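Structural features, examined
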Amino acid sequence: HFHGNRHEHAHESYSAKWAEKTEEETGLRLLIECPVVEGLYGNDHIEAIASRTGLSIDEVKEIDSRIRCEVAEELGHHRIDSSYSYLGK
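Residues numbered from 1 in each chain as written. Predicted model: local features only at pLDDT ≥ 70, side-chain atom pairs only at ≥ 80, totals over all residues. Heavy atoms only, no water.

Some words on helix α4 (residues 57-74)
Taking 1.5 Å as the rise per residue, α4 with 18 residues should run 26 Å; its terminal C-alpha atoms sit 26 Å apart, in good agreement. Of all the positions in α4, only Val60, Ile63, Asp64, Ile67, Arg68, Val71 and Ala72 are classed as buried. One or two residues past the end of α4 sits glycine 76, with phi positive at roughly 90 degrees. (Helix = DSSP H or I, 4+ residues; strand = E, 2+ residues; numbered from the N terminus. Expected span 1.5 Å × (residues − 1). Buried < 20%, exposed > 50% of the residue type's maximum accessible area, 1.4 Å probe, protein only.)

As for helix α3 (residues 42-53)
Its 12 residues give α3 an end-to-end C-alpha distance of 17 Å, which sits within 8% of 16 Å, the value for a rise of 1.5 Å per residue. Taken residue by residue, α3 has His45, Ile46, Ala48, Ile49, Ala50 and Thr53 as its buried positions. Downstream of α3 by one or two residues, glycine 54 has phi in the positive range, about 85 degrees.

Focus: the side chain of serine 13
By the secondary structure assignment, serine 13 is in helix α1 (residues 2-26). We classify serine 13 as buried; its relative accessible area is 9%. In terms of polar contacts, serine 13 uses its side chain to reach the side chain of glutamate 74, at 2.8 Å. Beyond its immediate sequence surroundings of up to four residues, serine 13 is in contact with Val71 and Glu74. (Polar contact = N/O pair within 3.5 Å; in protein donor to acceptor, adjacent residues only side chain to side chain. Contact = heavy atoms within 4.5 Å.)

What to know about the packing of α3 against α4
Running from N to C, α3 and α4 point in directions that differ by 110 degrees, and their axes come no closer than 9 Å. As the angle between them shows, α3 and α4 are arranged roughly perpendicular. Relative to α4, α3 is oriented so that their crossing is right-handed. Contacts between α3 and α4 involve Asn43, His45, Ile46, Glu47, Ile49, Ala50 and Thr53 from the first element and Ile57, Val60, Lys61 and Asp64 from the second. (Axes fitted to C-alpha atoms, helices over the stretch in contact; angles between N-to-C directions. Parallel < 35°, antiparallel > 145°, perpendicular 65-115°, else oblique. Left-handed = near helix turned anticlockwise from the far one by under 90°.)

So this is what it looks like as structure tokens:
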């Protein structure tokens, strides 16, 4: 159960951080789920976010990396790679 709670926290934190970022950038608070929840990975995930937000691919990549680092830190990790286990890549 403990590890499941960590996954749930990571998913919720990722979405909350994206909601904040999309509101700052677009004025809309959008629900962006992590790759493992959306079932989209890698470039497909990035392109889907760009399409939904109107942000450029580069902007989405930068924001996504920043959010992943923040989530990893919350979980006690210090590398973006750690977020892949919780969020998908």
